[in-house]
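What follows is the residue order along each chain.
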Amino acid sequence: MKCYECALEGKDTDAVGICIVCGRGVCKEHLIHEETPVWEGNYPIQLKPDQEHIKRIVCVPCHIALKENCLFNEVC
Ligand SMILES: [Zn+2]
Ligand SMILES: [Zn+2]
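Model, not experiment: these values are computed from the prediction.

Next up on the list: the overall build of the chain. Scanning the chain for helices and strands turns up 2 helices and 6 strands. Going residue by residue from the N terminus, the α and β elements of the chain occur as α-β-β-β-β-β-β-α. Burial statistics for the chain: of 76 residues in total, 21% are counted as buried. Taking all contacts inside the chain whose residues are at least 6 apart in sequence as the whole, residues at least 24 apart take part in 44%.

Here you go:
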């Protein structure tokens, strides 16, 4: 899988991880490794704080979206 963000920039970089939110490939330059809320079920998505504090991979756009939506209880 190729990095989606790099593809947008016209680069062809192998992904080293997959965003847990959108499922897109991300290279090491574009992945963000952080604790995220926990998903339960499908729709409506219910988020709750991650009790296990496991760092997961998200891509840059999803990272920004999560921050903007104030879904990170530990941050907001
Ligand atoms: Zn990339
Ligand atoms: Zn993503």
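Here the narrative resumes.
A word on the nonpolar core. Formed by Cys 3, Tyr 4, Ala 15, Cys 19, Val 26, Leu 31, Ile 57, Val 58 and Cys 59, the largest nonpolar core amounts to 9 residues. Element by element, the count of residues in this core is highest for strand β6 (residues 55–59), at 3 residues. Sequence-distant contacts of Val 26, defined by excluding residues within four places in its chain, comprise Cys 3, Tyr 4, Glu 5, Ala 15, Gly 17, Cys 19, Leu 31, Ile 57 and Cys 59.

Take the environment of Glu 34 next. Relative to the elements of secondary structure, Glu 34 occurs in strand β3 (residues 31–35). Residues in contact with Glu 34, not counting those within four places in the same chain, are Lys 55 and Val 58.

Let us look at the environment of Arg 56. Relative to the elements of secondary structure, Arg 56 occurs in strand β6. In this structure, the C-alpha to C-alpha distance between Arg 56 and Glu 35, residues 21 residues apart in sequence, is 5.9 Å. Arg 56 has contacts with Ile 20 and Thr 36, leaving out every residue within four places of it along the chain.

Right, let's talk about the environment of Ile 57 for a bit. Its location among the elements puts Ile 57 in strand β6. Distance in space between the C-alpha atoms of Ile 57 and Glu 34 is 6.6 Å, their sequence separation being 23 residues. What Ile 57 contacts, discounting residues up to four positions off in sequence, is Gly 17, Ile 18, Cys 19, Ile 20, Val 26, Leu 31 and His 33.

About the criteria used
- The residue numbers shown here count from 1 along each chain, following its written sequence.
- Chain letters start at A and ligand numbers start at 1, both assigned in the order the entries are written.
- Only residues with pLDDT of at least 70 get local features here, since the model is predicted, and only at 80 or more are side-chain atom pairs given and counted; chain-wide, interface and lining totals rely on the full set of residues.
- Here a strand is any run of E in DSSP of at least two residues, a helix any run of H or I of at least four, and the numbering for each starts at the N terminus.
- Residues with at least 20 other C-beta atoms within 10 Å of their own are called buried, those with 12 or fewer are called exposed, and the rest are partly exposed. The C-beta atoms themselves are positioned from the backbone.
- Contact between two residues is assigned whenever their backbone-derived C-beta positions fall within 7 Å.
- Working definition: the nonpolar core is a set of buried Ala, Val, Leu, Ile, Met, Phe, Trp, Tyr and Cys residues, joined through C-beta atoms within 7 Å.

On their own, these measurements won't tell you what the molecule is for.
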